[in-house]
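# Descriptive analysis of the structure
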Amino acid sequence: MRGRTAATAAALLALTACTAGPSLENRGQVTASPGDSHHLTIGSAGFTESDLLAQIYAQLLNRAGYRTSILTVANRELYEPALESGRIDVVPEYAATFADWLNAKTHGADAKPVGSPDLDATMKALRTLAAPRGLTVLPPGRAVDQNAFAVSAGYARRHGLETLGDLGAAKLKVRLAAGDECVQRPYCAPGLKKVYGIDITGVDPKGVGTTQAKRAVQDGRDQMVLTTTTDATLDLFGLVLLADDRHLQNADYVVPVVNRSRAGSERVARALGRLNGVLTTKDLARLNQQVDAWRRLPADVARTYLKDKGLLK
């Protein structure tokens, strides 16, 4: 079901070059009625979690009577225009990140971000930006994949840490393993200092959630690592997440985004909405672990999960 070949990517490039969605003259005027195509293409961004979500969406839609296929395009600059044009019909996205991406596409790279820790405000901004492009953003569920910070379990026990607020109050000096952009990003080192009062003495540029970064914290060379809330491998390194108790991070809840003219029907929304009360952030981390650590196929992991939750027979 998954198209990973160079030929597929080339074909998608050709399709998106020819058809780029609503014309600029019609932006802001959404006149097409919601569509309900029998065959739907689900897009994946090519990383584990996106593959899993695409498989879950496909299997839920299959159960609802649709024929589905999955197309992997590991680049938002390519798959978002394909979503506008209807070459891709459904994509799992992240509310705040996608809102800021569409905002920059619409208003320029220097536009003030519209994603925020406030889910309602973020969703309102995202839907306002998506609608003129012929896109419908379905309701978010419970799962959120945000930036997150982890320390070693031993370090947390020694200093009584459960939250980032605890770390700030402890007045410890913290060297942070992260991407080099962390020095300037407001959600990273500057935000940790401003919002939590954490004394970040330096950023060790080992990347976001990489094995190198986690080992640096495990070995005590660094005290904290930037990762994500659905990181499936923290236990392997003896690391634990500190809760973002003052809501520094944006509301990156998982949301399905659909092409309105092909997949904007109530039936599609109802089929995908069955996931909203079930899938949690912890669930998503466990599913990622089954693929990344246990080497199971995303389709098999998705099927087992949906059956266990009573969403598939």
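For the structure, see preceding data.
Residues numbered from 1 in each chain as written. Predicted model: local features only at pLDDT ≥ 70, side-chain atom pairs only at ≥ 80, totals over all residues. Heavy atoms only, no water.

### A closer look at the overall build of the protein
Our working definition: A helix here means a DSSP run of H or I that spans at least four residues, while a strand means a run of E at least two residues long, and both kinds are numbered starting from the N terminus. Contact criterion: two residues are considered in contact whenever any of their non-hydrogen atoms come within 4.5 Å of each other. Only the protein chains shown count as cover for residues, and all accessible areas are computed by the Shrake-Rupley method using a 1.4 Å probe.
Looking only at helices and strands, one finds 13 helices and 11 strands in the protein. For the protein, contacts bridging at least 24 residues in sequence account for 76% of all contacts bridging at least 6. Total accessible area on the protein stands at roughly 14400 Å², and carbon and sulfur atoms take up 51% of it.

### Concerning the state of the cysteines
Defined as follows: The definition used for a disulfide is geometric: two cysteine sulfur atoms within 2.5 Å. In this scheme, a residue with accessible area under 20% of its type's maximum is buried, one over 50% is exposed, and one in between is partly exposed, where area comes from a 1.4 Å probe on protein chains only.
Across all of its chains, the model carries one disulfide by this definition. Disulfide partner of Cys 182: Cys 188, at an S-S distance of 1.8 Å. One quick way to see it: the torsion about the S-S bond of Cys 182 and Cys 188 is about -85°, and its sign makes the bridge left-handed. With a relative accessible area of 1%, Cys 182 lands in the buried category.

### Observations concerning helix α5 (residues 119–130)
Which entries qualify depends on this criterion: By this rule the span expected of a helix is its residue count minus one, scaled by 1.5 Å. The arc in question is traced by the directions running from the helix axis to the C-beta atoms. Distance and chemistry together define a polar contact, namely a pair of N or O atoms within 3.5 Å, with one atom able to donate a hydrogen and the other to accept it when in protein, and with adjacent residues in sequence counting only for side-chain atoms on both sides.
For α5, which comprises 12 residues, the first-to-last C-alpha distance of 16 Å matches the rise-based estimate of 16 Å (1.5 Å per residue) to within 8%. Within α5 the residues assigned to the buried category are Thr 122, Met 123, Ala 125, Leu 126, Leu 129 and Ala 130. For α5, the angular spread of the buried residues around the axis is 165°, confining them to a single face. The exposed set on the far side of α5, more than 90 degrees from its buried face, consists of Asp 120, Lys 124 and Thr 128. Buried residues belonging to α5 abut α4 (95–107), β5 (135–137) and β11 (254–259). Put simply, Asp 118 is the residue that caps the front of α5, since its side-chain oxygen is 3.0 Å from the backbone nitrogen of Asp 120.

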